[in-house]
Amino acid sequence: MDVITKEFNVKGMLCSRCLKVLTTEFKELDVKIIDISLGKIVLRYNPKKVSNSKIEEIIKNNEFEIIGNSEDILAEEVKRIIIEYVWSSDLQLKLSEYITKRIDLNYDSLSKLFSKTFNKTIRQYSILLKVERAKELIENDELNFSDIAYKLGYQNSSALSRQFKNVTGINLSEYKNHEKSKRIPIDKI
């Protein structure tokens, strides 16, 4: 039997649900998943039964994109690291330090690559993510604004509130009282 193993680098795989969706789709297609992680999937399949175009179709139909360019792969990895950073419990470490600890490359080079690939800076992207994370924490209604600000690495709730209003046009209290479920999915930021 002519079985091949092929790795696909995938743009847009940013959370555990992404992994679950593709796992389900490929199991239904009777394709064996050798490895799956954010940004990458390794499949073993018989190309006489399942074409590459069918695999690509499944990936694209689930709003992901196959990437082959090494710069795009690296930029996507930086994106995943920023998301991980914002959703982690301790944002007291500088983002630039966090990224360079995870990817042993010069931060300035990574920053330029990220900006070129996504048309926004690492800082701009992290702010957008922090605003979405703040929305989530507000909706969970377990923390006050000061605790949310600290959790997101701000010195105080005023700093978070200013940035939140710059991005959303409303302040934290207005969001809490009137704007439920106006969140933007991470993969759409």
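What comes next concerns the included structure. (Residues numbered from 1 in each chain as written. Predicted model: local features only at pLDDT ≥ 70, side-chain atom pairs only at ≥ 80, totals over all residues. Heavy atoms only, no water.)

1. Topic: the pairing of strand β2 (residues 32-37)
Strand direction decides the pairing type here: β2 and strand β3 (residues 40-45), joined by five bridges, are antiparallel. Residue pairing for β3: Ile33 is matched across the bridge by Leu43. Once β2 ends, the chain turns through two residues before running back antiparallel as β3, passing Gly39 with a positive phi of about 90 degrees. (Pairing = 2+ DSSP bridges. Helix = DSSP H or I, 4+ residues; strand = E, 2+ residues; numbered from the N terminus.)

2. Focus on the packing of aromatic side chains
Pairs of aromatic rings are described using the distance from one ring centre to the other and the angle between the two planes. With the rule as written, the count across this model stands at four aromatic pairs. Centroid distance Phe164 to Tyr175: 5.8 Å. Interplanar angle 70 degrees. Geometry classified as edge-to-face. Remark: Tyr175 occurs in helix α9 (residues 172-178) and Phe164 occurs in helix α8 (residues 157-168); sequence separation between them is eleven residues. An aromatic cluster of three or more residues is present, and its members are Phe114, Phe118 and Tyr125. Note that Lys130 overlies the ring of Tyr154, its terminal NZ or CZ placed 5.0 Å from the centroid. Taking NZ or CZ as reference, Lys176 lies 5.9 Å from the ring centre of Phe145, over its face. (Phe/Tyr/Trp six-rings, centres within 6.5 Å; stacked < 30°, edge-to-face > 60°. Lys NZ or Arg CZ within 6 Å of the ring centre and 35° of its normal.)

3. Considering the packing of helix α3 (residues 70-87) against helix α4 (residues 95-102)
At a minimum axis distance of 10 Å, the contact between α3 and α4 shows a crossing angle of 125 degrees. What the angle tells us is that α3 and α4 run oblique. Relative to α4, α3 is oriented so that their crossing is right-handed. Residues Val78, Ile81, Ile82, Glu84 and Tyr85 of α3 touch α4, and the partners they reach there are Leu95, Tyr98, Ile99 and Arg102. Of the residues assigned to the contact of α3 with α4, the class counts are seven nonpolar, no polar and two charged. (Axes fitted to C-alpha atoms, helices over the stretch in contact; angles between N-to-C directions. Parallel < 35°, antiparallel > 145°, perpendicular 65-115°, else oblique. Left-handed = near helix turned anticlockwise from the far one by under 90°. Contact = heavy atoms within 4.5 Å. Nonpolar A, V, L, I, M, F, W, Y, C, P; charged D, E, K, R; others polar.)

4. Section: unusual backbone geometry
Within the chain, Asn119 stands out as a residue other than glycine whose phi angle is a positive 55 degrees. Tracing the sequence through the fold places Asn119 in the loop between α5 (107-118) and α6 (122-140). Judged by relative accessible area, Asn119 falls into the exposed class, the value being 71%. Here Asp141, not a glycine, exhibits a phi torsion of approximately 55 degrees, which is positive. (Buried < 20%, exposed > 50% of the residue type's maximum accessible area, 1.4 Å probe, protein only.)

5. Here's the deal with the sheet that holds β3
Strands sit in the order β2-β3-β1-β4 across an open sheet of four strands; the sheet is antiparallel. Looking at strand neighbours, the two that pair on one side only are β2 and β4 (65-67), the edges of this open sheet. Neighbouring strand axes in the sheet, compared pairwise and without regard to direction, differ in orientation by 35 degrees on average. For strand β1 (residues 4-11) and β3, the ladder comprises six bridges, and the chain directions are antiparallel. Bridge pairing in β3 links Lys6 to Leu43. Of the strands in this sheet, β1, β3 and β4 touch helix α2 (residues 52-61), which is tilted by about 30 degrees from β1.

6. Describing the pattern of salt bridges
Summed over all chains, the structure comprises ten salt bridges. Where Arg133 meets Glu136, a salt bridge forms, and the shortest distance between an N and an O atom there is 2.4 Å. On the criterion of helical spacing, the pair formed by Arg133 and Glu136 is a turn pair, its members being three residues apart in helix α6. Arg133 sits in the buried class, given a relative accessible area of 11%. We classify Glu136 as buried; its relative accessible area is 18%. Within the structure, one salt-bridge network assembled from shared partners comprises Arg133, Glu136, Glu139 and Arg183. (Salt bridge = Lys/Arg side-chain N within 4 Å of Asp/Glu carboxyl O.)

Purely spatial values, then, with no claim about function.
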